[in-house]
Amino acid sequence: MCWIFAYNGKKNAIPLLVEGLRTLEYRGYDSAGIAAVNEKKEIFLEKATGKVSNLASKVQKNPHAKDTYQAGIAHTRWATHGKVTLENTHPHVSENERFYVVHNGIIENYMGIKNILEKKYHFYGDTDSEIIAKLIEDSFDGDLLSTVTTVCEKMVGAYAIVVMDKENPSTIIGAKLGSPMIVGEGDDGVFIASDINAISHVAKEFVSLEDGETVVITDGKKEIYSLGERIIKTSEVIDHNQEMVDKGNFDTFTEKEIYEIPEVIKNVCKWRIDFEKKEIINETLESLGDHEIKRIEIIASGSSYFAGQVGSYWLKTLAGIPTEVRISSEFLYDTFLPHKKTLYIFISQSGETADVRECLKMVKAKWCLTFGIVNVVGSTIARMCDLGLYSHAGVEVGVASTKNIIGQYGVLLLLALSLWIKRDLQIHQCKTIIEELWNLPDTFELQLQQANTYKEIAKKYAKYPSMFFLGRNILYPVAAEGSLKLKELSYIHSECYSTGELKHGPLALIDKNTPSFVLNLKGIMQEKTISNVREIQARNGKVIGIITSGEDKSLYDDMIEVPETSAIVSPFLPLVPIWIMSVEIAKTLWRDVDKPQNLAKSVTVE
Ligand code: AGP
């Protein structure tokens, strides 16, 4: 997926565009480009493959970069259609070199449109996005707004586009369907971006465009249209404290975000738990009592999906509600049997994951009750759900999600506790778990103090080509999260299995070159897991045990002790060690920890 950024106002657009791309880069970084226009209708255009820094150095060398261009559009690309080449890098331009376009999304009917346009225009690249620039030229009726509206009606798929017209330098136009678009206003003018992080340092307030809405920005003033009619949308103030991010004293955002975990769990519980009375006090959770919830389906992708699996154990075990967890890209194309007494929960850090978003649209179309567990405030999924709680992890820049998962676990546990109390009034047991939540920030702090121990162990395993992550019961999805994190940070192949499943085939892969991380915490089938560890070691497989403090250490080749907690709270405990070790292995292998190859922070295309 790609990310867009645009500006129209009094200041020189060039430096604002480059800075905007830098803040968006973590969301897709195969190539980047900017185009700007000045009052004399002169165009500034620069593109570069690779990171935004490559583009920035090309801009710096361009003698016109210091001229004042009042309007501009910019784009950082994660390749969907077409290889990573300059030709495929946005902004795309019409044949008459009048119209410039940046696009985030996928135009599903682009081949049909391209086949028609190829008879009249030359295509220099092989992206779907390029057809938009040609389509604008082909459809231009003298009015850019009506032309953009006409062009949008011809496109099928998801898009957030910004269009610039060389002959009309005081105006840029943005339109969206499916992909996110934020319009921010600050002292220097108006900005369009794919998410709030790109504008938080230059804008004071913002609006999120809904599907089908169009924004026209002229001389630093915005007008928003829906179905051809001008509409007024209420702006929201940007919380600059929360949105400003930098690495601080850390080498990477990912490491910084791991060290923010104690604050995250505090924020998740703040205003939602009265720790004095050990009670949950939250209107949204209270309002669930107004609905008869007979079953729950959780829909998510990646790490959010694994968090949903952990949540399903809590919802079944505590609240006694049958719960199913579905991978969004599978759920979307499976037979959907809407169930009026089912609560559909959508989990997403970015709130813009296309697979999850499209599932949400499908479920809402059948008038089912939806609940969002999202981190980015004001994001599409958060705004579309009937109910929801933010995971309050703060801005997460590292592509590999860490602190946000703690927020997701926290919200899911609060949800399960809240539904449990409504059903069984297990006040005493609930209070015990609330006490453990109270102690979690200190537990995480203790673990962070052990970071060097984790790192020393991790370094020993950076040389292996493949690793297993194993866990049973509620620890199985935690092991899956660990396996995903190792893969996406270090590029080392990793597989996750329920520990008891190993002997049914995957054990064939175990040898001295395939170590296994085994999660073996007190109260979760420890003895059976010990037998599995012995099966691995009998085949010369090394085992790194993640075990409860005080348990038998002699069994493992290496081990990490975590504080004792109840089985219910245990999923929180292996995460910090696993994440610190995955980062350390990635750093040992000189990987780009914050921007792993081939990935992007938010997958806004299906
Ligand atoms: C997590 O480390 C990965 N970056 C990825 O699996 C991510 O969890 C997934 O793409 C879902 O993203 P979301 O939570 O923003 O929807």
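A few points on the structure. (Residues numbered from 1 in each chain as written. Predicted model: local features only at pLDDT ≥ 70, side-chain atom pairs only at ≥ 80, totals over all residues. Heavy atoms only, no water.)

### Topic: the overall build of the protein chain
Line of reasoning, step 1. The number of helices and strands found in the protein chain is 19 helices and 27 strands.
Line of reasoning, step 2. Here the C-alpha radius of gyration of the protein chain, 25 Å, is about what a compact globule of 606 residues would show, namely 25 Å.
Line of reasoning, step 3. Overall size of the protein chain, expressed as C-alpha extent along the three principal axes, is 75 × 55 × 45 Å.
Line of reasoning, step 4. Burial analysis of the protein chain (606 residues in total) assigns 60% to the buried set.
Line of reasoning, step 5. A sequence separation of at least 24 residues applies to 71% of the contacts in the protein chain between residues at least 6 apart.
Line of reasoning, step 6. Accessible surface computed for the protein chain: about 23400 Å², of which carbon and sulfur atoms make up 50%. (Helix = DSSP H or I, 4+ residues; strand = E, 2+ residues; numbered from the N terminus. Rg over C-alpha atoms; globule rule 2.2 N^0.38 Å. Buried < 20%, exposed > 50% of the residue type's maximum accessible area, 1.4 Å probe, protein only. Contact = heavy atoms within 4.5 Å. Areas by Shrake-Rupley, 256 points an atom, 1.4 Å probe, with all protein chains shown as cover.)

### Considering the packing of aromatic side chains
Aromatic ring pairs: the centre-centre distance and the angle between the two ring planes describe each pair.
Line of reasoning, step 1. Per the counting criterion, the structure on display carries 17 aromatic pairs.
Line of reasoning, step 2. An aromatic cluster is present here, built from Trp-314, Tyr-409, Phe-444 and Phe-572 joined pairwise through their rings.
Line of reasoning, step 3. Here Lys-134 stacks its cationic end above the ring of Phe-123, 5.2 Å away from the centre of that ring.
Line of reasoning, step 4. Over the aromatic face of Tyr-313 sits the side chain of Lys-316, whose NZ or CZ is 5.1 Å from the ring centroid. (Phe/Tyr/Trp six-rings, centres within 6.5 Å; stacked < 30°, edge-to-face > 60°. Lys NZ or Arg CZ within 6 Å of the ring centre and 35° of its normal.)

### Considerations on the site of the ligand
Line of reasoning, step 1. The local shell around the ligand holds 14 residues, among which Ser-304, Ser-348, Thr-353, Lys-485 and Glu-488 are the closest.
Line of reasoning, step 2. Within the backbone of Ser-303, a nitrogen or oxygen atom sits 3.1 Å from an oxygen atom of the ligand.
Line of reasoning, step 3. Secondary structure elements with two or more residues in the shell around the ligand: helix 10 (302-317) and helix 17 (476-490).
Line of reasoning, step 4. Residue classes in the shell around the ligand are distributed as 3 nonpolar, 9 polar and 2 charged. (Near = heavy atom within 4 Å. Polar contact = N/O pair within 3.5 Å; in protein donor to acceptor, adjacent residues only side chain to side chain. Nonpolar A, V, L, I, M, F, W, Y, C, P; charged D, E, K, R; others polar.)

### Section: the packing of helix 3 (residues 110-117) against helix 4 (residues 130-139)
Line of reasoning, step 1. The N-to-C vectors of helix 3 and helix 4 enclose an angle of 50 degrees; their axes lie 10 Å apart at closest approach. Classed by the angle they form, the pair helix 3 and helix 4 counts as oblique. Remark: the crossing between helix 3 and helix 4 carries left-handed chirality. Only Ile-131, Lys-134, Leu-135 and Asp-138 of helix 4 make contact with helix 3, whose side of the interface consists of Tyr-110, Ile-113, Lys-114 and Leu-117. (Axes fitted to C-alpha atoms, helices over the stretch in contact; angles between N-to-C directions. Parallel < 35°, antiparallel > 145°, perpendicular 65-115°, else oblique. Left-handed = near helix turned anticlockwise from the far one by under 90°.)

### Describing unusual backbone geometry
Line of reasoning, step 1. A cis amide bond links His-90 to the next residue, Pro-91, at an omega of 0 degrees.
Line of reasoning, step 2. In this structure, Pro-91 sits in the loop between strand 4 (71-77) and strand 5 (92-93).
Line of reasoning, step 3. The backbone of Lys-278 shows a phi angle near 55 degrees, a positive value even though the residue is not glycine.
Line of reasoning, step 4. Along the chain, the position of Lys-278 falls in the loop between strand 16 (273-274) and strand 17 (279-280).
Line of reasoning, step 5. Classification of Lys-278 by relative accessible area gives partly exposed; the value is 24%.
Line of reasoning, step 6. Of note in the backbone geometry, His-392 takes a positive phi value of approximately 50 degrees without being a glycine.
Line of reasoning, step 7. Judged by its relative accessible area of 34%, His-392 falls in the partly exposed class.

### Quick word on the sheet that holds strand 23 (residues 466-471)
Line of reasoning, step 1. Strands sit in the order 24-23-25-26-27 across an open sheet of 5 strands; the sheet is parallel. In the strand order of this sheet, the two ends are held by strand 24 (493-498) and strand 27 (558-562), each with one partner. For this sheet, the mean inter-axis angle between neighbouring strands, taken without regard to orientation, is 15 degrees.
Line of reasoning, step 2. Against the sheet, helix 18 (residues 526-537) touches strand 23, strand 25 (516-520) and strand 26 (543-548), its axis set at about 165 degrees to strand 25. (Pairing = 2+ DSSP bridges.)

### Notes on helix 17
Line of reasoning, step 1. Here helix 17 is 15 residues long and its end C-alpha atoms lie 21 Å apart, about the 21 Å a rise of 1.5 Å per residue gives.
Line of reasoning, step 2. Here helix 17 lies mainly inside the structure; 12 of its 15 residues are buried.
Line of reasoning, step 3. Here helix 17 has its buried residues at Pro-477, Val-478, Ala-479, Ala-480, Glu-481, Gly-482, Ser-483, Lys-485, Leu-486, Glu-488, Leu-489 and Ser-490. (Expected span 1.5 Å × (residues − 1).)

### A closer look at the nonpolar core
Line of reasoning, step 1. Core analysis: the biggest nonpolar cluster contains 93 residues, and Trp-314, Ile-345, Phe-371, Leu-417 and Phe-572 have the highest contact counts within it.
Line of reasoning, step 2. Residue contributions to this core peak at 12 residues, all from helix 14 (residues 403-424).
Line of reasoning, step 3. Aside from chain neighbours lying at most four places away, what touches Leu-417 is Ile-280, Leu-318, Cys-430, Ile-433, Ile-434 and Leu-437.
Line of reasoning, step 4. In terms of nonpolar packing, the next biggest core, distinct from the first, is built from 32 residues, Phe-5, Phe-44, Ile-182 and Ala-203 among them. (Core = buried A, V, L, I, M, F, W, Y, C linked by side-chain atoms within 4.5 Å.)

### So, helix 3
Line of reasoning, step 1. Residues of helix 3 that are buried include every one of Tyr-110, Ile-113, Lys-114 and Leu-117, and no others. Seen from one end, helix 3 has its buried residues packed into an arc of 100 degrees, which puts them on one side.
Line of reasoning, step 2. Where helix 3 is buried, its residues meet strand 6 (99-107), helix 4 and helix 5 (144-154). (Arc of directions from axis to C-beta.)

### Focus: the packing of helix 8 (residues 261-269) against helix 14
Line of reasoning, step 1. Helix 14 packs onto helix 8 with a crossing angle of 30 degrees between their chain directions and a minimal axis gap of 9 Å. In terms of their interaxial angle, helix 8 and helix 14 are classed as roughly parallel. Relative to helix 14, helix 8 is oriented so that their crossing is right-handed. Packed against helix 8, whose contacting residues are Ile-261, Val-264, Ile-265 and Val-268, the element helix 14 presents Lys-403, Ile-406, Gly-407, Gly-410, Val-411 and Leu-414 at the interface.
Line of reasoning, step 2. Its residues assigned to classes, the contact of helix 8 with helix 14 shows 7 nonpolar, 2 polar and 1 charged.

### A word on the pattern of salt bridges
Line of reasoning, step 1. Under the definition given, this model contains 39 salt bridges.
Line of reasoning, step 2. Linking Glu-260 and Lys-403 is a salt bridge whose minimum nitrogen-to-oxygen distance equals 2.5 Å. Note that Glu-260 is positioned in the loop between helix 7 (253-259) and helix 8 and Lys-403 in helix 14, a separation of 143 residues in sequence.
Line of reasoning, step 3. We classify Glu-260 as partly exposed; its relative accessible area is 21%.
Line of reasoning, step 4. For Lys-403, a relative accessible area of 3% corresponds to the buried category. (Salt bridge = Lys/Arg side-chain N within 4 Å of Asp/Glu carboxyl O.)

### As for the pairing of strand 4
Line of reasoning, step 1. The buried fraction of strand 4 is high, at 7 of 7 residues.
Line of reasoning, step 2. Here strand 4 shows two buried faces, one formed by Ala-71, Ile-73, His-75 and Arg-77 and the other by Gly-72, Ala-74 and Thr-76.
Line of reasoning, step 3. Bridge analysis of strand 1 (residues 3-9) against strand 4 gives 6 bridges, and the strand direction is antiparallel. By the bridge assignment, Tyr-7 is partnered in strand 4 with Gly-72.
Line of reasoning, step 4. Here strand 2 (residues 31-37) pairs with strand 4 via 7 bridges, running antiparallel. Of the residues in strand 4, the one forming a bridge with Ile-34 is Ala-74.

Function cannot be inferred from these measures alone, as they are strictly geometric.
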